[in-house]
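# Descriptive structure summary
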Amino acid sequence: PQIAAQLSWEQIMTLIHQRNKSAIKALCKTLYDFDEKSVRHILGEILSHDSICHLCHPFGDTEAIEIYDKLFAPLHHALPDLERRDMICLSGSDRNGENWVGCAGHYVGRFMMPFLGIPPTGHIASVRYHEFYCFTDGQITEMHVIWDLPCLMMQANVWPMEPSLGSEWHVPGPASQDGLATEEVTPEQTTASCQHVIDMISAMQKYPAQGGPEIMKMEKYWHPHFNWYGPSGIGTSRGIDGFRCCHQTPFLNAMPDRGQYPDDVRQHFFAEGSYVAVTGWPNMAQTLSGQGWLGIAPTGQKITLRSLDFWRLENGFIRENWVLVDLLDIWAQTGVDVMARMQQLAAAQPHF
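Residues numbered from 1 in each chain as written. Predicted model: local features only at pLDDT ≥ 70, side-chain atom pairs only at ≥ 80, totals over all residues. Heavy atoms only, no water.

## Some words on the environment of L149
- Considering the arrangement of structural elements, one finds L149 in helix α5 (residues 149–155).
- A sequence separation of 23 residues divides L149 from S126, and the C-alpha atoms of the two residues are 9.7 Å apart.
- Setting aside residues up to four positions removed in sequence, L149 forms contacts with H57, P58, F59, F115, L116, I118 and L328. (Helix = DSSP H or I, 4+ residues; strand = E, 2+ residues; numbered from the N terminus. Contact = heavy atoms within 4.5 Å.)

## What about the environment of P150?
- For P150, the position within the fold is in helix α5.
- For P150, the contacting residues outside a window of four places in its chain are W159, S232 and L328.

## Topic: the layout of surface pockets
- When its volume is computed, the largest pocket comes out at roughly 920 Å³.
- Elements that contribute at least two residues to the lining of the largest pocket include exactly α2 (9–32), β2 (83–93), α6 (187–204) and β8 (268–272).
- Looking at the lining of the largest pocket element by element, the count peaks at nine residues for α2.
- Considered class by class, the residues forming the lining of the largest pocket number ten nonpolar, 14 polar and eight charged.
- Here the second largest pocket is characterised by a volume of approximately 300 Å³. (1 Å grid on protein atoms, 1.4 Å probe; cavity = no way out; pocket = protein on both sides within 12 Å on 5 of 7 lines; lining within 4 Å. Points joined across faces, edges and corners; volume = space filled by probe spheres on them. Nonpolar A, V, L, I, M, F, W, Y, C, P; charged D, E, K, R; others polar.)

## Quick look at the state of the cysteines
- Applying the stated criterion across every chain, the model contains zero disulfides.
- For C53, which is in no disulfide, the shortest distance to another cysteine sulfur is to C134 and amounts to 12 Å.
- Using a relative accessible area of 1% as the deciding quantity, one classes C53 as buried. (Disulfide = S-S within 2.5 Å. Buried < 20%, exposed > 50% of the residue type's maximum accessible area, 1.4 Å probe, protein only.)

## Some details on helix α8 (residues 239–254)
- With 16 residues, α8 should reach 22 Å at 1.5 Å per residue; the first-to-last C-alpha distance of 21 Å fits that figure.
- Burial in α8 covers these residues: G239, I240, G242, F243, C246, H247, Q248, F251, L252 and A254.
- Check the buried side of α8 and you find it contacts α6, α7 (218–221), β6 (222–229), β7 (236–238), β10 (284–287) and β11 (302–305). (Expected span 1.5 Å × (residues − 1).)

## Details of the sheet that holds strand β4 (residues 124–136)
- Pairing in this open sheet of five strands is mixed, and the strands run β1-β5-β4-β3-β2 from one edge to the other. In the strand order of this sheet, the two ends are held by β1 (47–55) and β2, each with one partner. Geometrically, the sheet is characterised by an average inter-axis angle of 20 degrees between neighbouring strands, direction not taken into account.
- Bridge count between strand β3 (residues 99–110) and β4: twelve bridges; the pairing is antiparallel. Bridge pairing in β4 links A104 to H130.
- Where α2 meets the sheet, its contacts fall on β2, β3, β4 and β5 (139–147), and the angle it forms with β2 comes to roughly 170 degrees.
- Against the sheet, helix α3 (residues 36–46) contacts β1, β4 and β5, and its axis sits at roughly 105 degrees relative to β1. (Pairing = 2+ DSSP bridges. Axes fitted to C-alpha atoms, helices over the stretch in contact; angles between N-to-C directions.)

## Details of the pattern of salt bridges
- Evaluated as defined, the whole model comprises 14 salt bridges.
- Between K29 and D33 there is a salt bridge whose closest N-O contact spans 2.4 Å.
- Across the pair K302 and D264 runs a salt bridge whose closest N-O atoms are separated by 2.4 Å. With K302 in strand β11 and D264 in the loop between α8 and β8, this pair connects stretches of sequence that are 38 residues apart.
- Residue classification places K302 among the partly exposed positions, given a relative accessible area of 40%.
- Connected via shared salt-bridge partners are R312, E314, R319 and E320. (Salt bridge = Lys/Arg side-chain N within 4 Å of Asp/Glu carboxyl O.)

## Let's talk about the sheet that holds strand β9 (residues 275–279)
- Spatially, the six strands line up as an open sheet ordered β7-β6-β13-β12-β9-β8, and their pairing is mixed. If you trace the sheet from one side to the other, it starts and ends with β7 and β8, each paired once. Neighbour-to-neighbour, the strand axes of this sheet turn through a mean angle of 15 degrees, independent of strand direction.
- In this sheet, strand β13 (residues 317–325) lies alongside strand β12 (residues 307–314) in antiparallel orientation, the contact comprising eight bridges. Looking at β13, one finds that D309 is bridged to V323.

## Points about the nonpolar core
- Core analysis: the biggest nonpolar cluster contains 108 residues, and I24, F72, W147, W293 and W311 have the highest contact counts within it.
- The element contributing the most residues to this core is β4, with seven residues.
- In this structure, F72 is in contact with L31, F34, L43, I67, Y107 and W147, ignoring residues within four places of it in sequence. (Core = buried A, V, L, I, M, F, W, Y, C linked by side-chain atoms within 4.5 Å.)

Structure (structure tokens):
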């Protein structure tokens, strides 16, 4: 208490964020050197017993005590030499004062046994993830997890839905190679980065109700050579033209009212230095009223999206944007069971 009394509020928050990030990095290290006993132990320490655990489809919400058995045990069974490789880890506070840590990376290992009905390949495989953790008094009290399961289906050659408009590949880490950096950053830089992204999203939401594509002012916010790393099923694009062709135009044509239902969503923006993140469960709501999207018919149905994002700024522009959307949940909302379709496709194919 005496030491805390001598620190400014900013210094205290910096220490809190460093403590929370250190806790997550310890979890990541344990998942890298995967051992059931060690993973169970650290999950028991870091997760509050009443944590709210939101997991992507088809896992669903679960209690903290079930996280290992429901999430990690099946993946470890499928990839027995499982390891976790983080490429981004940042911590910060949202506008409501909640303290978050966000991570992005890949689980990798040799795919030897089925996982959620996805047939094994016998080769090295990767599962991209975005995971967000809300901390209270040093423990996780809420977590949001999206694993890119469509990517694993593609690696097993059993993706049953429409092909991606963008490129499908092993999504890289930051070009700046500082996604895990621990050097100090200034509060001014952090605030400016977060505001840049919030302003960018506000400008995007003006289209089409308030004007044509020019009202989004893409050139003001995005680097001309930016990479947009979308989820498998959408894919990666480069530059404004590539982004519009592979994702933005089909998305907005299908759901032009996106961003118009703030009472139906939660958004937690936070930043650290040149990195910005957002999570929410859900954090988008819109209506499938225009042209079809991802092969989904324009039914007029209102849907929600879970989109967990990271942005990296460079010289005042967004240079890279990592995005994972729970696409399987979107299809489930429209009555399509992608997992069942995938299993039918897998049943007709030879396995290794």
